[in-house]
Every structure is written in C-alpha cells, then in structure tokens.
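Listed here are the chains, written in short residue letters.
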Amino acid sequence: MPRTRLEAFEIDHLQVLDEEGRIDEALDPGLPDERLVELYRAMVLAREADQRMLRLQRQGRLGTFSPSTGQEAASCGPTLAMTGQDWFVPAFRELGGMLMRGVPFHRVLLFWGGWEEGNVFPGLERTLPIAVIVASQIPHAAGIGYAQKLRGEKAATVCWFGDGATSEGDFHEGVNFAAVWRSPVVFICQNNQWAISTPLDRQTASATIAQKAIAYGIPGIVVDGNDPLGMYAATHEALERARRGDGPTLIEARTYRLMMHTTADDPSKYRKDDEVEQWRRRDPLVRMRRLLESRDLWDDERQQRLDAEVKKAIDDEVRIYETFDRGRPDVYFEHVYGTPHPEIERQRQEFLAGLQREARDA
Amino acid sequence: MPRMTMVQAINLALHQAMERDPSVVALGQDIGVNEGVFRVTAGLHAKFGPERVIDTPLAEAAILGTAIGMAIAGLRPVAEMQFSGFSYLMLGQYEGHATRYRSRTHGQVTVPLVVRMPYGGGVRALEHHSESREVLYAHLPGSKVVIPSGPRNARALLAAAIEDPDPVVFMEPKQSYRAFREEVPAEHETMPIGRAQVVQQGTDITVISWGAMMRPTLRAVAEVAEARGASIEVIDLLTIAPLDGDTIVASVEKTGRAVVVQEAPRSFGPAAEVIARINDRALMHLEAPVRRVAMPDVMTPYFGRERLYFPGPHTVQRAIEETLDF
Ligand SMILES: Cc1ncc(C[n+]2csc(CCOP(=O)(O)OP(=O)(O)O)c2C)c(N)n1
Ligand SMILES: [Mg+2]
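Residues numbered from 1 in each chain as written. Chains lettered and ligands numbered in written order. Predicted model: local features only at pLDDT ≥ 70, side-chain atom pairs only at ≥ 80, totals over all residues. Heavy atoms only, no water.

Engineer: A description of the overall build of chain B should follow, citing residues and the corresponding values.
Structural biologist: From N to C terminus, chain B includes 12 helices and 14 strands. Over its C-alpha atoms chain B spans a radius of gyration of 19 Å, differing by no more than 12% from the 20 Å that the globule rule assigns to 326 residues. With the principal axes as the frame, chain B shows a C-alpha extent of 60 × 40 × 40 Å. Of all intrachain contacts in chain B linking residues separated by at least 6 positions in sequence, the fraction that spans at least 24 positions is 83%. About 12000 Å² of surface is accessible on chain B, with carbon and sulfur atoms providing 52% of the total. (Helix = DSSP H or I, 4+ residues; strand = E, 2+ residues; numbered from the N terminus. Rg over C-alpha atoms; globule rule 2.2 N^0.38 Å. Contact = heavy atoms within 4.5 Å. Areas by Shrake-Rupley, 256 points an atom, 1.4 Å probe, with all protein chains shown as cover.)

This is how it looks when you write it as structure tokens:
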C-alpha cells in the first residue's frame, strides 16, 4: 500500500510597505490619507511616550517597565483596523495600541508607577488592562470571542502576546479552543526575536510561529511586523473573517525589541549590538514617514508641529500622573469582593487604626 | 569566612552541588547565558555548560514536568521559577506528580528535585512579583517548603534541599537577596530540613517568623527587649512544611506567650498552622491568646502602597507588647 500525503502546508509572508517606504500597489489596503496620517501620529506618540517612560524610570519617577520602542507598527497597525465593538486584549508591549484605544497615558504611567489605578480606564469599554503573566490572556480572548458569538455581536477580539508566550500551555490551549469554537479572534504574536535572554531558536524548533496555526486548523500568516500597513491589512482581513463567522487567525508579526526587556534587564549579556543596529534600520516610523512624504502628506514643518503637540500631550499626562490623588490607603479593601464581608470590614478597621497609630507615633 | 549576600550564598550552594554531584542539573528561564534575572545562577553556565545549566523555553509546567522526569531517571534537577508568582502554572505537575510518586509507588519511584523561586515583596516590583504564597505548597502532603532568612542558612538549606530525597520548594525572600551580608563558610555546609531554629533564647514570650519577616521581627524584638527588659525567645521556622512543632511547643511551654509574624495574607496561612499546633499541644501553658501579625486578606498591593500593608517593625512591636501585657 503506497503512502499517501494527507496534508502539506505553506505559510505566506506579507509586506506592504518596505524599509524605504515603497508600497506594493497590489497589496495597498487603500487607506484614505487621513487614516494614514492617523497611523503615523499614533506611532510617533507611542515612541515618544515610551522614551519618556525610560527617562522617568531612570529618574526614579516610575517603576520597572517593558519598553515597546521599535514595535509600534505591530500594535498600532492592527488597532487601526479595530472598531470600538472589538475587544482589545493586550500583553505588556502594546503601548501604541492602548493609547489608540483611548487609554490615557497617565493610566499607563500609574500602572508602571505602582498604582492599581493604572488598570482603571474610566468610560472605556472592551479594553483589558496589561497582562503580566505571559500567555495568560490568550484563553481569555478565546472566551471573549465565544461570548461575542453567543451574544450575536458582529465584532471580534484582538489578542497580543510575544514569541515566548507561544511556549506556554495557555497559548496552545487558548488557540485550540478558539479554533474548535470558531471564536472570532485575531491572535497577534509580536515575535520580537527574544524572550528576555532566550532567542527564538531556543524557544521553538518551528521555522515560523505562524505555522503553529496549521496544527490547530486555522490560517496563519507571517507579516513584516515593522510594516504598519502590512499589519493593518493582515488584521483587517482576519477581522473580516472572524466577523463572518469563519473563526480565528494567527498573525506572526516579525519585529524586534530595540530596547532592554525591562528596565531591570541588561541585554548586553545575551545579544550583539550589530543585531540591534540592523533592526534599527527597519524602523517602522521611518518607512511610514517616507510613504507620507512621497504622497505629499508630510514635511518637516508638519513633523515639527506634531513633535511639539506630542510633547505637550505627554507633559500634560505626566503631570496628571504625578499629581494623581493617592489619598486612599485602604482602597485595597474596597474591591476584595463585590459584596461586603464582615471579616474584610473588620480587617479594614484594624488596618486604618494601625495607620492612625503609626501617624501618631511618628 | 567570606562575607556574602544571600544571592552569593545561594550561588555558592549551586556551584558546590554541581561540583560534588554530576547528576545535579539546573533548569529554568534565563538562568544560563543571562545568569538569572537576579544573577543567582552566575557562573554556572560558563562552568558547567548548557547541558547541565539549561535555558528552557517559557513554560513553567514543562519546566517542572521535565524536572520530574529527570529526577525519576536519576538526575537531581534544581528548577527555577523566575518569580513565585508564575509558579502556579506548575502546580498541577507539582501536586499531581512531584509530591505523589513516592507514596503511590511505595517508594519505588521518587522525585528528588528542588524548585527555587524568589518570593515576597519589598523591592518595588510589578504585580505578580511580590506575593507570599508559601502556604499553597505547604498544604500539600509530600511537599517540603523551605524558606531561608539569611545568607548562611540559605546556603546550608539549599545544599540540604538538593541532597534531600523528596521534592523541596525553596522560596527565596528576594528583598533579602542583597540587603545584608553574613559570614558563610567556604566548605560544604548543610542544615536539617524540617527543623526550626531558636535564634535567640528567652523566657517571657516566643516570637515566631520566617523569611524576609525575620529582620523586622528581630528589630521589633530588640526594641521591646530594650524598652521593657523583656526576655524574648525568637524562632526562625526555616522549614514551613513539614512544620517543626516540637521546637515551637517546647518554647511556648516555657514562655506561655507567642506572636507569629507572617508576610502572607492572614487567613489560612502558615501562622494559622503554628497557632493550631500550639493549641493542640501547649494550650494549658498559655497565659495569653497567641497573636498573629500578617498582611490583610487583600490582593498584594502594587508597590505604591505595599509598605502600608506589609507587617513592619512597629506592628510587630505592638503585638509583642500587647501579648506581654495581656
Ligand atoms: C508565566 C510567566 N512566566 C515568566 C514571566 C517572566 N517574564 C516576563 S516577560 C518574559 C518574556 C516574555 O517573552 P515574549 O513572550 O517573547 O514577550 P516579550 O517580552 O518579548 O514582549 C518573561 C519570562 C512571566 N511574566 N509570566
Ligand atoms: Mg519576545
């Protein structure tokens, strides 16, 4: 009996806008000018906000955080394709996307500054806070998608995570559930080549992360993750598929973490500067600006105006962060349960009495 | 004797264990080339190579699961969980297999492994990086939970844990990693697992703690001793499970009073078990109710407010005084 081939697979790679800012006309998603400018502005804001956080951290005004410089396209491009009805499920390196969703920057600062208020986004729906536990948000996205489907919503969920996350059970289990349930979810792996000190080839023996989708019976695609239009186009297509009821997609965004893993990390211990330099030349902001310039949508003067605007917006938010009312020491007792319990209340009174005594003794 | 931080002392124990016994291997995330996010595994990868110092993919359940397999097959793995807050992903493997193999095979299959993990607050760390959840592992039959309080006992206990025939969860109080130095003997040294240590003798009251809480506890004890001339006995548990009831009971039989200081949330914590032991075996010797000082039963606060919630020297001092005055 001859062997027969049951399955074979192929994985596509998508790039719409190259490093020089040249667009592939056949693949151009045809965004109107103002949307292109919006995308560029969002990436500039993300970059500047990230760099400001680095300075604040160095000055002791912020805690440890995970910079996203270099990865702006992989969160801003997809976010541009989303509507307010879609759920935004981040990991911890999606600053650009979070700001686009309307999370005020001071909330991001509060989170990394050690205040729970950084998880509270007043008036903003369908936007989850940062997930620190790697991959833990992936099954949530599968469940959110299921709920959207059950409730008959014509909307979907976009969920981000890193290359390291694809080693966790939560990745495999979450993607599998979403695939079996045909949950309307777009899974975006920000493959930034490193998980702290672990390079991709020590994380997985697969040639691509996208091909893991094949095993779960869903489409997977590799996208140039520093190409904001490629990321937009791939997410747009995956969202359409999800909303149509055709289930989830896995997008591998090939990008690079230009900074340290977190501000507590020293990348010189495990990677070479020339690798970083090579990726610097593939900066998503540079190619987007080149495209805008080639379409007469951008020039130095507009850039200067934007820089000033962004600086002012960031200054304002830093001020809100630093003057934020941190007055309620017992806030932790308020949200233990949705219903009050006498033991928690008793502990709260004891806690407050203790604080008063401390103040008196001091 | 060289003076070392806890990080250096743990590192010394790892180097010596790997030198003494070729079956000892280390595995975990970023422990090799990067030498651990706290540099606890410094020098191991360079000295023992990538086959014995294994940088794993990012999966806690598989780190422990493969360590169990290695242990069953004759190795002595020392696995690292990067932070205790991510160790819950290994709980199924730990409860379901590491703690059970000996019992269910009547000793034919055993799992001699160590899982190291930094735990606890006080370093202005992120969410999931500051919790004290030793009780989760202490509650499991067959599980040993060891928590050192200083460089010297950290080294000696880790050396013992690696030689132990059973799974040991070794929780490292990260706020003590570099906070102070102690003399640590260069030669191999162990301490018995399962035994508490009376670190200061006294007759009026027994104060019991472990891990990072030992330092504020000793400060409070010194204050009270100085202010009131009280004679205070201090016990460092060192092993949470199996708990050394004998040492606790002998002390309380002598002093008649006790305070237990725990960093973890109050309810169902190790302090509750310590108090239950005292009730079981020394109730008639008590002259005052046993007090516990603990975090409230709330989510471990983000670092902006954490100082307010962790037990500090003042709260410990007050508990000791009130128990003495009862
Ligand atoms: C379950 C879990 N294990 C370990 C960690 C510690 N940690 C934080 S980020 C990280 C690496 C994540 O790599 P990747 O998924 O590639 O995301 P990236 O940081 O590159 O954005 C690790 C090990 C964690 N947060 N959660
Ligand atoms: Mg990564």
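Once you've had a look at it, read on.
Engineer: Which residues make up the coordination of the magnesium ion (ligand 2), and what are the values?
Structural biologist: Donor atoms from the polypeptide that bind the magnesium ion (ligand 2) are Asp163 of chain A (OD), Asn192 of chain A (OD1) and Trp194 of chain A (O), placed at 2.0 to 2.1 Å. Spacing between the donor residues of the magnesium ion (ligand 2) along the chain follows D-x28-N-x1-W. (Donors = N, O, S within 2.8 Å, 3.2 Å for Na, K, Ca; no water.)

Engineer: Help me get a handle on the site of ligand 1, residues and values and all.
Structural biologist: Surrounding ligand 1, one finds 21 residues, the nearest of these being Arg93, Val132, Gly164 and Trp194 of chain A together with Glu60 of chain B. At a separation of 2.6 Å, an oxygen atom of ligand 1 approaches a polar side-chain atom of arginine 93 of chain A. With respect to ligand 1, the backbone of glycine 164 of chain A contributes an N or O atom lying 2.8 Å from an oxygen atom. For ligand 1, whose unbound accessible area comes to 580 Å², protein coverage reaches 95%. (Near = heavy atom within 4 Å. Polar contact = N/O pair within 3.5 Å; in protein donor to acceptor, adjacent residues only side chain to side chain.)

Engineer: So what's going on with empty space enclosed by the protein? Residues and values would help.
Structural biologist: Residues and elements named next belong to chain A. On inspection of all chains with the given rule, the structure shows six cavities of 30 Å³ or more. Estimated volume of the largest cavity: approximately 60 Å³. Surrounding the largest cavity, 13 residues form its lining, Phe92, Glu94, Leu95, Trp112 and Ile130 being those nearest its centre. Listing elements by their share of the lining of the largest cavity, those giving two or more residues are helix 1 (33-58), helix 3 (95-101) and helix 4 (105-112). (1 Å grid on protein atoms, 1.4 Å probe; cavity = no way out; pocket = protein on both sides within 12 Å on 5 of 7 lines; lining within 4 Å. Points joined across faces, edges and corners; volume = space filled by probe spheres on them.)

Engineer: Just give me the short version of the interface of chain A and chain B, but keep the residues and values in it.
Structural biologist: With 45 residues of chain A at the interface, the matching set in chain B holds 36 residues. Across the chain A/chain B interface, buried area totals approximately 3500 Å², and carbon plus sulfur atoms make up 55% of it. Connecting chain A to chain B are three salt bridges. With a closest N to O distance of 3.3 Å, glutamate 350 of chain A and arginine 266 of chain B form a salt bridge. Along the contact surface separating chain A from chain B lie 13 residue pairs in polar contact (both at pLDDT 80 or more). Within the residue set of the side of chain A that touches chain B, elements represented by two or more residues are helix 4, helix 7 (200-203) and helix 13 (342-361) of chain A. Per-class residue counts for the side of chain A that touches chain B are 18 nonpolar, 11 polar and 16 charged. (Buried area = accessible area lost by both parts, 1.4 Å probe. Salt bridge = Lys/Arg side-chain N within 4 Å of Asp/Glu carboxyl O. Nonpolar A, V, L, I, M, F, W, Y, C, P; charged D, E, K, R; others polar.)

Engineer: So, the sheet that holds strand 4 (residues 185-191) of chain A: which residues are in play, and what are the values?
Structural biologist: Residue and element names in this part refer to chain A. Reading across the sheet, the six strands line up as 1-7-8-4-3-2 and stay open at both edges, with parallel pairing between neighbours. Bordering the open sheet on either side are strand 1 (12-14) and strand 2 (87-89), each of which pairs with just one other strand. Put simply, the sheet's adjacent strands are angled 20 degrees from each other on average, direction ignored. Inspection of the sheet shows strand 7 (residues 220-224) paired to strand 8 (residues 249-254) by five bridges, in the parallel sense. Paired with valine 222 across the two strands is glutamate 252, which belongs to strand 8. (Pairing = 2+ DSSP bridges. Axes fitted to C-alpha atoms, helices over the stretch in contact; angles between N-to-C directions.)

Engineer: I'd like to hear about the environment of arginine 215 of chain B, residue by residue, with values.
Structural biologist: All names here are of chain B. Within the secondary structure, arginine 215 sits in helix 8 (residues 214-228). Along the primary structure arginine 215 and serine 176 are separated by 39 residues, whereas in three dimensions their C-alpha atoms are 9.0 Å apart. Those residues within four positions of arginine 215 in sequence are excluded, and the remaining contacts are Ala179 and Phe180.

Engineer: Explain the sheet that holds strand 7 (residues 168-173) of chain B to me, using residue names and the numbers behind them.
Structural biologist: Residues and elements named next belong to chain B. Pairing is mixed in the open sheet, where seven strands are placed in the order 3-2-4-5-7-6-12. The strands lining the two open edges of the sheet, one partner per strand, are strand 3 (53-55) and strand 12 (239-241). Strand-to-strand, the axes of this sheet are offset by a mean angle of 20 degrees, without reference to chain direction. Note: strand 4 (residues 76-80) against strand 5 (residues 114-119), three bridges, orientation parallel. Residue pairing in the sheet places glutamate 80 in a bridge with arginine 116 of strand 5.

Purely geometric numbers; function is a separate question.
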